[in-house]
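So the chains spell out like this:
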Amino acid sequence: MFGESSATRVGIDGERFTIDGRPTYEGRSHEGTSIEGRLFNARLVHAWFDDENPETRDQWAYPDTGRWDPERNVAEFCAALPDYRDHGLRAVAANLQCGSPEGYSETQPWTVSAFRPDGSLKPEWMDRVERVLDRADDLGLVVILGLFYFGQDGVLEDEAAVKRAVDEAVEWLLDREYTNVLVEVANECDINYDHDIIDVERVTELVERVKGIERDGFRYPVSVSCSGGVVPPDDVVAASDFVLLHGNGVDDPERVREMVAEVRERPSYEPMPVVFNEDDHFAFGSESNLDAAVEAGASWGYFDPGANDYWHGYQSPPVRWDANTPRKKAFFAYLDGVTGPEDAPAGDGS
């Protein structure tokens, strides 16, 4: 069977995710609602970050050394993963073109991409990606792996390069027989992509391209996200294996419930998981976006932008990856309560 050497195999069974054939959080509920099959996650897109623009690279310098160090970053990220899992996280969302290293940005002059202009992969980047995927695999964690980010897709020289990037990335994953990966073709496909094929009007072409690449009968489950508060159009839902939503800008938890309901009302919808893999709201409790997602039958993902100070957040390098701030601690403490005690060994799907 493909991927026999992998420690972790993610699967989809109707609206539920499974790990190694068993539903995640098996037998567990929160406030009377079952959380079996959910995939609580966090947006940690800069796990393998580097900036190749000499004019902006120094912006991410560590305060104790005065320089940026991608090797230190990936090592510290991998060191933090066991604690994330112990507090109930089951997936990390990352991207081969990362995300805005300022959290939110009007312009993005940096060069942050695992792809060369022709769409081929950069070996030094993929070495860091491999270390993260290996560590996640060992720990029973799923990686929601994004391919493109709207702040960096302009690195690719043309549409042929975009298609090559998809092919090379998926073939790279297959060559290493990872089975703990879900593919997100593009982060927020409805925002300012330079290449039309990544835009919401055509992105299903790339979703279908990923689905068409397989090895020994195995292929990667794939989806694509739209911007905060936006429900993907019917053709995107039809092409996807799971539905990705973003809660950024959604200040009323009732809208979270409405978004999930709108997905299920799409004519093309068939039972599949619904996942928020980005939400920048930090109130945790009965009136929160997280709890609204749980009540609606969806998974939820934490996004903490940060301040480029090696202290706050998870998306503004240099990132301190441990749960050091009150906000991070509040999220992981609440998630621990939602998901229950962690007694089982890593990788068992619990």
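What counts and how
- Residues numbered from 1 in each chain as written.
- Predicted model: local features only at pLDDT ≥ 70, side-chain atom pairs only at ≥ 80, totals over all residues.
- Heavy atoms only, no water.
- Buried < 20%, exposed > 50% of the residue type's maximum accessible area, 1.4 Å probe, protein only.
- Helix = DSSP H or I, 4+ residues; strand = E, 2+ residues; numbered from the N terminus.
- Pairing = 2+ DSSP bridges.
- Right-handed = clockwise from strand over helix to strand, strands pointing away.
- Disulfide = S-S within 2.5 Å.
- Phe/Tyr/Trp six-rings, centres within 6.5 Å; stacked < 30°, edge-to-face > 60°.
- Lys NZ or Arg CZ within 6 Å of the ring centre and 35° of its normal.
- Lys, Arg positive; Asp, Glu negative; His and termini not counted.
- Salt bridge = Lys/Arg side-chain N within 4 Å of Asp/Glu carboxyl O.
- Contact = heavy atoms within 4.5 Å.

1. Focus on the pairing of strand 12 (residues 274-278)
For step 1, the next point in the chain: Of all 5 residues making up strand 12, 5 are buried, and the element is well covered by its neighbours.
For step 2, the next point in the chain: Bridge count for strand 11 (residues 243-246) against strand 12 is 4 bridges, and the pairing is parallel. When the bridges of strand 12 are listed, Leu245 appears paired with Phe276.
For step 3, the next point in the chain: In this region the chain leaves strand 11, passes through helix 6 (residues 253-265) and returns to the parallel neighbour strand 12; the handedness of that crossover is right-handed.

2. Section: the state of the cysteines
For step 1, the next point in the chain: Scanning the entire structure with this criterion turns up 0 disulfides.
For step 2, the next point in the chain: Free cysteine Cys78: the closest other cysteine sulfur is in Cys98, separated by 14 Å.

3. A word on the sheet that holds strand 10 (residues 222-223)
For step 1, the next point in the chain: What the 6 strands build is an open sheet, ordered 10-9-8-7-6-13; its pairing is parallel. Edge strands, defined here as strands with exactly one partner in the open sheet, are strand 10 and strand 13 (301-302).
For step 2, the next point in the chain: Judged from the 2 bridges that link them, strand 9 (residues 181-187) and strand 10 form a sheet pairing that is parallel. Across the sheet, Val183 pairs through a bridge with Val222, a residue of strand 10.

4. What to know about the packing of aromatic side chains
For step 1, the next point in the chain: Within the structure shown, the criterion is met by 28 aromatic pairs.
For step 2, the next point in the chain: Ring geometry for Phe2 against Phe218: centres 4.7 Å apart, planes inclined by 15 degrees, an arrangement best described as stacked. Taken together, the residues Phe2 in the segment before strand 1 (10-13) and Phe218 in the loop between helix 4 (204-211) and strand 10 connect sequence positions 216 residues apart. Phe218 matches Phe2 in its accessibility class, with the two residues each being buried.
For step 3, the next point in the chain: On the numbers, 5.0 Å between centres and 90 degrees between planes, the contact of Phe218 with Tyr220 is edge-to-face. As far as burial versus exposure is concerned, Phe218 and Tyr220 are alike and both buried.
For step 4, the next point in the chain: Ring pairing ties together the aromatic residues Phe77, Tyr84, Phe282, Phe284, Trp300, Tyr302, Tyr314, Trp321, Phe331, Phe332 and Tyr334, which thus form one cluster.
For step 5, the next point in the chain: Here the basic side chain of Arg72 rests over the ring of Tyr62, its NZ or CZ set 3.9 Å away from the ring centre.
For step 6, the next point in the chain: Over the ring of Trp125 we find Arg128; its NZ or CZ atom is 5.0 Å from the centre of that ring.

5. Let's talk about the side chain of Lys328
For step 1, the next point in the chain: Structurally, Lys328 can be placed in helix 8 (residues 326-339).
For step 2, the next point in the chain: It turns out Lys328 is buried and unbridged, and the closest side chain with the opposite charge, Asp322, is 5.4 Å from it.
For step 3, the next point in the chain: Beyond its immediate stretch of four places on either side in the chain, Lys328 contacts Tyr302, Asp304, Trp311, His312, Gly313, Tyr314, Arg320, Asp322 and Ala323.

6. Considerations on the sheet that holds strand 3 (residues 22-23)
Two strands in a sheet stick together by hydrogen bonds in their backbones, pointing the same way (parallel) or opposite ways (antiparallel).
For step 1, the next point in the chain: If you walk across this open sheet you meet the 3 strands as 1-2-3, and the pairing is antiparallel. The sheet terminates laterally at strand 1 and strand 3, the two strands that pair on one side only.
For step 2, the next point in the chain: Bridge count for strand 1 against strand 2 (residues 16-19) is 4 bridges, and the pairing is antiparallel. If you follow Ile12 over to strand 2, its bridge partner there is Phe17.

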